[in-house]
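# Survey of secondary and tertiary structure
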Amino acid sequence: MTVFKAFIKIFNKNKSIIIMYSVILILFSVFNMQTSDHSMSFSAEKPNVLIINQDENIGITKDLISYLEKNSKKVKVEKDEDKINDALFYRDVNYVIYIPSGYRKDFLNHKNPKISIKSTKDYYASLAEMLLQRYLKVADTYLATIDDEESIIRYIHDTLNKNVKVEVTSKLDTGHLQKAKLYYNFMNYSVLAGSVYIICLILYSFNEEKIRKRTSISSMNSKRFNQSLLLSNGLFAILLWGFYILLSFLLLGSIMMSVHGGLLILNSFVFAFCALALSFLIGNLVHNKNAINGIVNVLALGSSFLCGAFVPIEWLPKLVLNIAHFLPSYYYIMNNELIVTTEDFSIGMLQPILVNFGIILLFSILFIMISYFVSKTHNKKD
């Protein structure tokens, strides 16, 4: 009880730091929700295409030009190669198509005529290339079995005008789940920073020379003292975690009542326990109060950047991800990614999530064992 009272007294003096990290988490979440509310829609922009036709504008040649003009932006540039090259350089034109003289005749005679092109080699040029190749492949397919030009053109139209009906069968509420994922990913920073800062300050106070000597001559043995200290720190970690979970319900709403929300909460609880164990270890290793701020910045910010809390994990280079494998934050954030993209929570689908749980718990056990060893070594020296 004496240890717990001292813990509460020290915590009250430093509770402002928890408030600061909580405000950061709230501000980040609100900002994220505002940006996420703008629906992401896709609209294919037409490329700027210049067509230089040296053939007769009839038959298959005319149809090819009509198809390209329908699906792209027709650009007018003087038929001068220097002017064309300038237009490509300044991106006024993305794709230049040169239809050679005699193209229609050679095509119908199965001579496989070549169409020359010039390109900016960007996204729009690739789109124009796709349009051209799509038409030519369909035309070649029908030419292999049909000799009549009008029939070939008609069949080409029938094929290219077909629309594929896309039906979304997933029932995932992806918009709200993405918000939840980003919130819980950012919790990596808030939980780590808050736990390490407060617990390290508390352990620093208990590890001061006068307090440590007074404890060593008291009736409480070191094992019981460490257990009381760990339990007090554990209560703080649970309260901190619970506060952030309550915030998630207020900010994210009904999605937290789903299976996905429950797994995100469970994942954050396992990570909060790991953060507690890591904080307890660092608190037993660090005996310089001024160094605590630096450790918090390196540990919380560093792991958040390396493991994908701030930057989407798919954007991180392979070298960074290889380093991140040595940090528990990586497995916590990977679990968040897996949870929000899983629809069928069968045993097989849950296996990688459970494996990550196990790895985080192994980190926790390792941290606790090392911290007890360090604490016992210090007590022997005293």
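Predicted model only: the values in this text are computed from it and were never measured.

## Describing the packing of helix α8 (residues 174–206) against helix α14 (residues 328–341)
Relative orientation of the contacting elements α8 and α14 amounts to 165°, with a least axis distance of 9 Å. Here α8 lies roughly antiparallel to α14, going by the angle between them. Note on packing geometry: the crossing formed by α8 with α14 is right-handed. Contact residues: L177, Q178, K181, Y184, N185, M187, N188 and L192 in α8; S329, Y332, I333, N336, E337 and V340 in α14. Per-class residue counts for the contact of α8 with α14 are seven nonpolar, five polar and two charged.

## Quick word on unusual backbone geometry
The phi angle of most residues is negative, glycine excepted, and most peptide bonds adopt the trans form. Of note in the backbone geometry, H110 takes a positive phi value of approximately 60° without being a glycine. If you check the backbone angles, N112 has positive phi at about 50° while not being a glycine. Within the secondary structure layout, N112 lies in the loop between α5 (103–108) and β4 (116–119). A relative accessible area of 47% places N112 in the partly exposed class.

## Some words on the side chain of S364
Mapping S364 onto the fold places it in helix α15 (residues 347–381). Excluding residues that lie within four positions of it along the chain, S364 makes contacts with F273, C274 and A277.

## Here's the deal with the confidence of the model for the chain
Parts of the model with low pLDDT should not have their predicted coordinates read in detail. Mean pLDDT over the chain stands at 82; residues scoring 70 or higher make up 84%. When the criterion is pLDDT under 50, residues 38–43 qualifies, and its contacts beyond four places in sequence or with other chains add up to one contact.

## A short note on the packing of aromatic side chains
The full count for this structure, using the stated rule, is 15 aromatic pairs. Between Y183 and Y184 the ring centres are 5.3 Å apart and the planes differ by 70°, which places this aromatic pair in the edge-to-face class. Residue classification places Y183 among the buried residues on the basis of a relative accessible area of 1%. For Y184, a relative accessible area of 0% puts it in the buried group. Aromatic rings pair up to connect F186, Y189, F305 and F310 into one cluster. Over the aromatic face of Y155 sits the side chain of R154, whose NZ or CZ is 5.5 Å from the ring centroid.

## Looking at the nonpolar core
Y184, M187 and Y244 are the most contacted members of the largest nonpolar core, which has 71 residues in total. The set of elements that each furnish at least two residues to this core consists of α2 (15–36), α8, α10 (222–252), α11 (259–285), α12 (291–307), α13 (318–324), α14 and α15. If you look at the next biggest cluster of nonpolar residues, it comprises 27 residues, including Y95, L132, I152 and I156.

Rules and cut-offs
Residues numbered from 1 in each chain as written. Predicted model: local features only at pLDDT ≥ 70, side-chain atom pairs only at ≥ 80, totals over all residues. Heavy atoms only, no water. Axes fitted to C-alpha atoms, helices over the stretch in contact; angles between N-to-C directions. Helix = DSSP H or I, 4+ residues; strand = E, 2+ residues; numbered from the N terminus. Parallel < 35°, antiparallel > 145°, perpendicular 65-115°, else oblique. Left-handed = near helix turned anticlockwise from the far one by under 90°. Contact = heavy atoms within 4.5 Å. Nonpolar A, V, L, I, M, F, W, Y, C, P; charged D, E, K, R; others polar. Buried < 20%, exposed > 50% of the residue type's maximum accessible area, 1.4 Å probe, protein only. pLDDT = per-residue confidence, 0-100. Phe/Tyr/Trp six-rings, centres within 6.5 Å; stacked < 30°, edge-to-face > 60°. Lys NZ or Arg CZ within 6 Å of the ring centre and 35° of its normal. Core = buried A, V, L, I, M, F, W, Y, C linked by side-chain atoms within 4.5 Å.

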